[in-house]
2 protein chains.
Amino acid sequence: MAATRTSSNGGKNVFIVYAHPKPESFNGALLRTAVDVLKSHGHSVEVSDLYEMGFDPLVRLDDFSVDVCRVVQGEVDKVERADLVVFQFPLYWCSFPAILKGWMDRVIQVMSGFVRKTGLYEEGALRGKRALLSFTTGAPSIPFESLEAMLLPMQVGTLNVVGFDVLPPQVSLGVENATGEKLEKYLAAWIERLSGVFEEPTAELLTIDKWAKKHSVLILTARAKSDPTQAKHF
Amino acid sequence: MAATRTSSNGGKNVFIVYAHPKPESFNGALLRTAVDVLKSHGHSVEVSDLYEMGFDPLVRLDDFSVDVCRVVQGEVDKVERADLVVFQFPLYWCSFPAILKGWMDRVIQVMSGFVRKTGLYEEGALRGKRALLSFTTGAPSIPFESLEAMLLPMQVGTLNVVGFDVLPPQVSLGVENATGEKLEKYLAAWIERLSGVFEEPTAELLTIDKWAKKHSVLILTARAKSDPTQAKHF
């Protein structure tokens, strides 16, 4: 049953996709903090703990069958209900951990089917929903001068392309050797930010408008035109 | 037993990491073509078919134990033996499919341990080895004006940072709706390219030298300084 988009007390619906194997990790602390602060502001919160759920991240041959679509349908429903989707994860090799990458490969893949009926970017099926990447790094800096460039495939090529309004990322750098004081500061900043998360402006994303205008095709929608059982790419 | 780096007939050692669930896919055709042409030129070829192997892509708590390191040790050994590592995969959401992302998260992660004893980029532990991304897309174009920008986290942030000399990618665009003639052309281009793959110059990568000079730390090496059983990030 899909909940209403706005709960009775005026709060919003937030869906947190969490991808860390260790509850006592700093990612776990960021997750629990988010749940608490969002609820305290009257929002409804759903959480998918991908490791705990045993989420299967692998695209398989029978992903084209209706039955397997049902496996990810629960995740699709949570996205459908959400006004904001928060992804909480440790950055591995400048990208999502595999289990979260697989969530994109399967859940966003299913939802991208809707894009065919609407459009790309601001016309995307998931327009009106916000998305926010909250991640930790082990090292105290990222290996690129531009954080935006590093996040391009994630923020633009995965989320914005299907219509999400992407908020600036919440980055907790160098948690591996951070002092307790530093970690407390990260948690305090997260609390403050989430308190006004529905009022803040979306991120200035690297533009790919020129590409979008030139090519009226999404990287994945080619599938729509062909027989999925004969798929050459997937 | 590690093989010699150069086989007796003067050929080189090539390791192909293959990530597609369907042998009869075009990715499968590119794989078989690569094996045949490389062998015909006197090279030795090893293949890891990640789906067929049931490769587990998930970083787990006990990845810090010696036993689990043994699980990926077979993959590490193949990389160690190789002069060239080819990654053959369908591009999902501007990045690796989850199973291949997990290979990076675990195998390159283990090998990045060596980096601590050497350095980054041209001083990386895997220097002298070549890496090449060969991928298909479903749609006939990519969603960015710069292919390099899209590949930054993969080519630079994962492979070049540990020392690989990265060759330009082999891109088979729009295979989903490609004609048989088009697919034959892709295979012919792949054959021609692989025939001289050890002679070709490496890619002009987006530079992150300034970053590397400023920060003498790899995104993952922070772990080296701390007790892994108490890891906050991983």
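Quick caveat, the model's predicted, so the values are computed rather than measured. (Residues numbered from 1 in each chain as written. Chains lettered and ligands numbered in written order. Predicted model: local features only at pLDDT ≥ 70, side-chain atom pairs only at ≥ 80, totals over all residues. Heavy atoms only, no water.)

K.L.:
An account of the overall build of chain A is needed here, citing residue identities and associated values.
P.N.:
When helices and strands are tallied, chain A shows 8 helices and 6 strands. The buried share among the 234 residues of chain A stands at 61%. Here the contacts in chain A between residues at least 6 apart in sequence split such that 81% fall between residues at least 24 apart. Carbon and sulfur atoms make up 52% of the accessible area of chain A, which amounts to about 9500 Å² in all. (Helix = DSSP H or I, 4+ residues; strand = E, 2+ residues; numbered from the N terminus. Buried < 20%, exposed > 50% of the residue type's maximum accessible area, 1.4 Å probe, protein only. Contact = heavy atoms within 4.5 Å. Areas by Shrake-Rupley, 256 points an atom, 1.4 Å probe, with all protein chains shown as cover.)

K.L.:
Outline unusual backbone geometry, supporting the account with residue identities and numerical values.
P.N.:
A positive phi angle is found at Trp93 of chain A, which is not glycine, with a value near 50°. Along the chain, Trp93 of chain A falls in the loop between β3 (84–90) and α4 (98–115).

K.L.:
Tell me about the packing of aromatic side chains, residues and numbers included.
P.N.:
In this structure the tally under the stated criterion is 10 aromatic pairs over all chains. Both rings, one in Phe15 of chain A and one in Trp103 of chain A, keep their centres 6.3 Å apart while their planes meet at 55°; by these two values the pair is tilted. With Phe15 of chain A in strand β1 (residues 13–18) and Trp103 of chain A in helix α4, this pair connects stretches of sequence that are 88 residues apart. The exposure class of Trp103 of chain A is buried, given its relative accessible area of 0%. Aromatic pair Phe87 of chain A and Trp103 of chain A: ring centres 5.5 Å apart, planes at 70°, arrangement edge-to-face. Of this pair, Phe87 of chain A sits in strand β3 while Trp103 of chain A sits in helix α4; the two residues are 16 residues apart in sequence, bridging distant segments of the chain. Here the aromatic residues Phe15, Phe87 and Trp103 of chain A are joined through ring pairs into a cluster of three or more. The ring centre of Phe198 of chain B lies 5.9 Å from the NZ or CZ of Lys12 of chain B, which sits over that ring. (Phe/Tyr/Trp six-rings, centres within 6.5 Å; stacked < 30°, edge-to-face > 60°. Lys NZ or Arg CZ within 6 Å of the ring centre and 35° of its normal.)

K.L.:
So what about the nonpolar core? Which residues, and what values?
P.N.:
Counting residues in hydrophobic clusters, the biggest one holds 90 residues, and the most contacted among them are Phe87 and Trp103 of chain A together with Phe87 and Trp103 of chain B. Those residues in contact with Trp103 of chain B that sit more than four places away from it in its chain are Phe15, Val17, Leu50, Phe55, Glu75, Val79, Phe87 and Ile108 of chain B. (Core = buried A, V, L, I, M, F, W, Y, C linked by side-chain atoms within 4.5 Å.)

K.L.:
Lay out the pattern of salt bridges with the relevant residues and their values.
P.N.:
Residue and element names in this part refer to chain A. For the coordinates displayed, the defined rule picks out 8 salt bridges over all chains. A salt bridge links Glu75 to Lys78, with the nearest nitrogen and oxygen atoms 2.9 Å apart. Placement of the pair is Glu75 and Lys78 together in helix α3 (residues 66–81), with a separation of 3 residues, close to one helical turn. Per residue, the accessibility class of Glu75 equals that of Lys78, and both read buried. (Salt bridge = Lys/Arg side-chain N within 4 Å of Asp/Glu carboxyl O.)

K.L.:
Give me the lowdown on helix α1 (residues 26–40) of chain B, citing residues and values where you can.
P.N.:
All names here are of chain B. Spanning 15 residues, α1 covers 21 Å between terminal C-alpha atoms, matching the ideal 21 Å at 1.5 Å per step. The element α1 is extensively covered by neighbouring structure, given that 11 of its 15 residues are classed as buried. When α1 is considered as a whole, its buried residues turn out to be Phe26, Asn27, Gly28, Ala29, Leu30, Leu31, Thr33, Ala34, Val35, Val37 and Leu38. For α1, the elements touching its buried residues are β1 (13–18), β2 (44–49), β3 (84–90), β4 (130–136), β6 (170–172) and α6 (180–195). Of the residues trailing α1, Gly42 is marked for its positive phi of about 85°. (Expected span 1.5 Å × (residues − 1).)

K.L.:
Give me the environment of Val110 of chain A: which residues, what numbers.
P.N.:
Residues and elements named next belong to chain A. Mapped onto the elements, Val110 comes out in helix α4. Val110 sits in the partly exposed class, given a relative accessible area of 23%. Measuring from C-alpha to C-alpha, the distance between Val110 and Val72 comes to 8.1 Å, with 38 residues separating the pair along the chain.

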